[in-house]
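Secondary and tertiary structure notes
Okay, here's what each chain looks like letter by letter:
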Amino acid sequence: MESDICFEEKFTKEFFLGFIKLHVLHHSTKGPVYGLWFIEELSHHGYKMSPGTLYPVLHQLEKGGYLESFREKVAGRLRVYYEATENGKKALEEARSKIKHLIKEVLYDRE
Ligand SMILES: [Zn+2]
């Protein structure tokens, strides 16, 4: 079972990391999100992702200026929330048209 998870996560990292970044941007433009919420959200979409994989992605997006974070105490523990910056919103907007083209070609075989 353990190796299945490893394979699945490796596969996710290799092919869908970009999807995951865009998915993070999508939700973080609507309001603050945090790591565990997002892991749960991804699992509903069929992606298995551990904190060890997701957190570096969030940090990378923050470092790149696409997300900004703030901390809030929830039930006695500090939780880190992420929100899209203006650059993050722009990146998502630009990605939308690329996603549209990719979907047309990959799903419907149209140029
Ligand atoms: Zn979602």
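In this report, the structure presented in the accompanying data block is examined.

A word on the side chain of histidine 27
- Along the chain, histidine 27 falls in helix H1 (residues 2–30).
- What histidine 27 contacts, discounting residues up to four positions off in sequence, is Val33, Trp37, Phe38 and Glu41.

Observations concerning helix H4 (residues 86–108)
- Here H4 spans 33 Å end to end across 23 residues, near enough to the 33 Å set by a 1.5 Å rise per residue.
- All of the buried residues in H4 are Gly88, Leu92 and Ala95.
- Aspartate 109, located one to two residues past H4, shows a positive phi value of around 55°.

Quick notes on the sheet that holds strand S3 (residues 77–84)
- Overall, antiparallel pairing links the three strands, which are arranged S1-S3-S2 in an open sheet. A strand with exactly one partner marks an edge of an open sheet, and here the two such strands are strand S1 (33–34) and strand S2 (67–74).
- Sheet topology places S1 next to S3; two bridges connect them, and they run antiparallel. For tyrosine 34, the partnering residue across the bridge sits in S3 and is tyrosine 81.
- Along the sheet, helix H3 (residues 51–63) contacts S2 and S3; its crossing angle with S2, the most-contacted strand, is approximately 125°.

About the cut-offs
- Residues numbered from 1 in each chain as written.
- Predicted model: local features only at pLDDT ≥ 70, side-chain atom pairs only at ≥ 80, totals over all residues.
- Heavy atoms only, no water.
- Helix = DSSP H or I, 4+ residues; strand = E, 2+ residues; numbered from the N terminus.
- Contact = heavy atoms within 4.5 Å.
- Expected span 1.5 Å × (residues − 1).
- Buried < 20%, exposed > 50% of the residue type's maximum accessible area, 1.4 Å probe, protein only.
- Pairing = 2+ DSSP bridges.
- Axes fitted to C-alpha atoms, helices over the stretch in contact; angles between N-to-C directions.

The values reported here are purely geometric and, on their own, carry no functional implication.
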